[in-house]
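# Residue-level structure breakdown
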Amino acid sequence: MPEQMTPDSPSAATTSVTTSVLAIGLMSGTSRDGVDVALIDTDGETIAQFGATACRPYSRAERTLLRRATAAAANLTERTARPDVVAEAEDLVNDAHAEAVEAFLVANDLKPESVAAIGFHGQTLLHRPERGVTLQIGDGPALAARLGIPVVYDFRAADVAAGGQGAPLAPIYHRALVRRLGRQSSIAVLNLGGVANVTYIDGDALIACDTGPGNALLDDFLRLRTGQLLDTDGRKAAAGKVDQATVALLLEHPFFALPPPKSLDRDDFRGWVGDVLDSIGVEDGAATLTALTAAAVAAILPHLPRAPKTWIVAGGGARNPTLMRMLAERLNPAQIETAHAAGWSIDSLEAQAFAYLAVRSLRGLPITFPGTTGVPRPLTGGVLAMP
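Residues numbered from 1 in each chain as written. Predicted model: local features only at pLDDT ≥ 70, side-chain atom pairs only at ≥ 80, totals over all residues. Heavy atoms only, no water.

It is worth spelling out the overall build of the protein at this point. Helices and strands together make up the secondary structure of the protein, namely 14 helices and 13 strands. The C-alpha atoms of the protein give a radius of gyration of 20 Å, which matches the 21 Å a tight globule of 387 residues would have. The burial tally for the protein puts 58% of its 387 residues in the buried class. Nonlocal contacts in the protein, meaning residues at least 24 apart in sequence, comprise 71% of its contacts between residues at least 6 apart. With the model as given, the accessible surface of the protein reaches about 15,000 Å², and the carbon-plus-sulfur share is 51%. Positive and negative side-chain charges in the protein, numbering 33 and 42 respectively, have mean positions lying 4 Å apart. (Helix = DSSP H or I, 4+ residues; strand = E, 2+ residues; numbered from the N terminus. Rg over C-alpha atoms; globule rule 2.2 N^0.38 Å. Buried < 20%, exposed > 50% of the residue type's maximum accessible area, 1.4 Å probe, protein only. Contact = heavy atoms within 4.5 Å. Areas by Shrake-Rupley, 256 points an atom, 1.4 Å probe, with all protein chains shown as cover. Lys, Arg positive; Asp, Glu negative; His and termini not counted. Charge placed at Lys NZ, Arg CZ, Asp CG, Glu CD.)

Take a look at the structure:
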């Protein structure tokens, strides 16, 4: 059985690093499209170099199993519980992540011993910080044993246990990216995954939160109505008409009035939106849900110290020109640019973040902060599994 330890334990301290090392980050997000893999060279504070990236897509059957497991986990109160379908999904998640790393190592001629750590986020099935529970399935010790590389996993639990939201976790990486750019003005880094989240960076100020639905509602709507997995290039939304009254109604959800830090479960809006969109056409529904995502992002502006001058957008939504246009309209006069335009990765930024967080965890550096998750003090996190 692989040895497990928390990053604060004396045993873990012997694995800490103070120089730049290679780390692999793994991310399987709430869009359930696959496992993203990314390599970076970092000391957990600065980013020396970006490395290769890859994606191991989920099959339709695998996505179906993850949806079933998410539904089965909805009412769990104990994060260690593994009802049958959840246990099956955890095996799938581990196998998919192991396969992704094994292929990545071969493709990039990397030896396991050259990698200091793997940051393994796992698959979120449930996120209810108000109930003191967040569940990311994935067996870190089993992954470490199979790959022969130290694995840092279970990044969110310590923050939630301390009273924080447990999300978002990428803000400290976003700040490292912005500092690498050398820009001085206020910047917002927006990740449009299944759930959308933003990091506001202005000097030493670091504020973050989920903003609302990202791609999840739109993806689910199209899957149920058409069998399509997403709105490719925003074409459905571009062909539809936004029901502004419906957007205004959806924005009455109490979440939008809350100041940051705040976070969401992927399915928090499912019932709320479903009741409203039952009778709407496909194109108009896609347009309305896309507009909701953009409007939800803009709704955070009154809660920030000042409006960001620049928004840098990553995640799958950055590839949706209809959504990007709606964001530009809502956030005007701010400059909107994609992560790619900034020299970053649109698709692998979150995976890179977990490589970075793994190294911070090894060093005992904080990964969450009062302004990002509401935790009482800067807090490290993650559990280390040695092979």
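Past the structure itself, the notes keep going.
Attention now moves to the sheet that holds strand E12 (residues 335-338). One open sheet accounts for five strands, arranged E10-E9-E8-E11-E12; its pairing is mixed. Of all strands in the sheet, those with a lone pairing partner are strand E10 (205-213) and E12, marking the two edges. Between one strand axis and the next, the sheet turns through 20 degrees on average, direction left out of account. Inspection of the sheet shows strand E11 (residues 310-314) paired to E12 by four bridges, in the parallel sense. Of the residues in E12, the one forming a bridge with Ile 312 is Glu 337. (Pairing = 2+ DSSP bridges. Axes fitted to C-alpha atoms, helices over the stretch in contact; angles between N-to-C directions.)

So, on to the packing of aromatic side chains. All chains considered together, the criterion is met by five aromatic pairs. Consider the rings of Phe 255 and Phe 256, whose centres lie 5.8 Å apart with planes at 80 degrees: the pair is edge-to-face. Phe 255 sits in the buried class, given a relative accessible area of 5%. Take Phe 256: its relative accessible area is 7%, and that puts it in the buried class. In this structure an aromatic cluster arises from ring pairing among Phe 255, Phe 256 and Phe 269. (Phe/Tyr/Trp six-rings, centres within 6.5 Å; stacked < 30°, edge-to-face > 60°.)

For the rest of this paragraph, the subject is a negative patch on the surface. Together, Asp 84, Glu 88, Asp 91 and Asp 139 make up a region of like negative charge exposed at the surface. Topologically, Glu 88 is positioned in helix H3 (residues 84-107). (Patch = residues over 30% accessible without salt bridge, like charges linked within 9 Å, V, L, I, M, F, W, Y side chains within 5 Å. Salt bridge = Lys/Arg side-chain N within 4 Å of Asp/Glu carboxyl O.)

Our focus in this paragraph is helix H12 (residues 321-331). All of the buried residues in H12 are Thr 322, Leu 323, Met 324, Met 326, Leu 327 and Leu 331. Those residues of H12 hidden inside the fold are in contact with strand E8 (187-192), helix H8 (235-239), helix H11 (282-298), E11 and E12. At the N-terminal end of H12, a side-chain oxygen is found 3.0 Å from the backbone nitrogen of Thr 322, two or three residues along, and the residue is Asn 320. (Polar contact = N/O pair within 3.5 Å; in protein donor to acceptor, adjacent residues only side chain to side chain.)

Counted under the stated rule, the structure contains 19 salt bridges. Between Asp 268 and Arg 128 there is a salt bridge, with the nearest N and O atoms lying 2.4 Å from each other. With Asp 268 in the loop between helix H9 (244-250) and helix H10 (270-277) and Arg 128 in strand E5 (residues 117-128), this pair connects stretches of sequence that are 140 residues apart. Salt-bridge contacts for Lys 236 lead to Glu 283; the nearest nitrogen and oxygen are separated by 3.9 Å. With a gap of 47 residues between them, Lys 236 in helix H8 and Glu 283 in helix H11 connect regions that are remote in the sequence. In this structure Glu 283 comes out as partly exposed when scored by relative accessible area, which is 32%. Through salt bridges with shared partners, a single ionic network connects Asp 220, Arg 223, Arg 266 and Asp 267.

Before going further, it helps to examine the environment of Ala 162. One can find Ala 162 in the loop between helix H5 (157-161) and helix H6 (171-181). With 213 residues separating them in the primary sequence, Ala 162 and Val 375 have C-alpha atoms 6.3 Å apart. Discounting residues that sit within four places of it in the chain, Ala 162 has contacts with Val 375, Pro 376 and Leu 379.

This part takes up the environment of Thr 338. Mapped onto the elements, Thr 338 comes out in strand E12. For Thr 338, a relative accessible area of 21% puts it in the partly exposed group. Put simply, Thr 338 and Ala 314 are 24 residues apart on the chain and 6.2 Å apart in space, counted from C-alpha to C-alpha.

Just distances and angles here, no functional claims.
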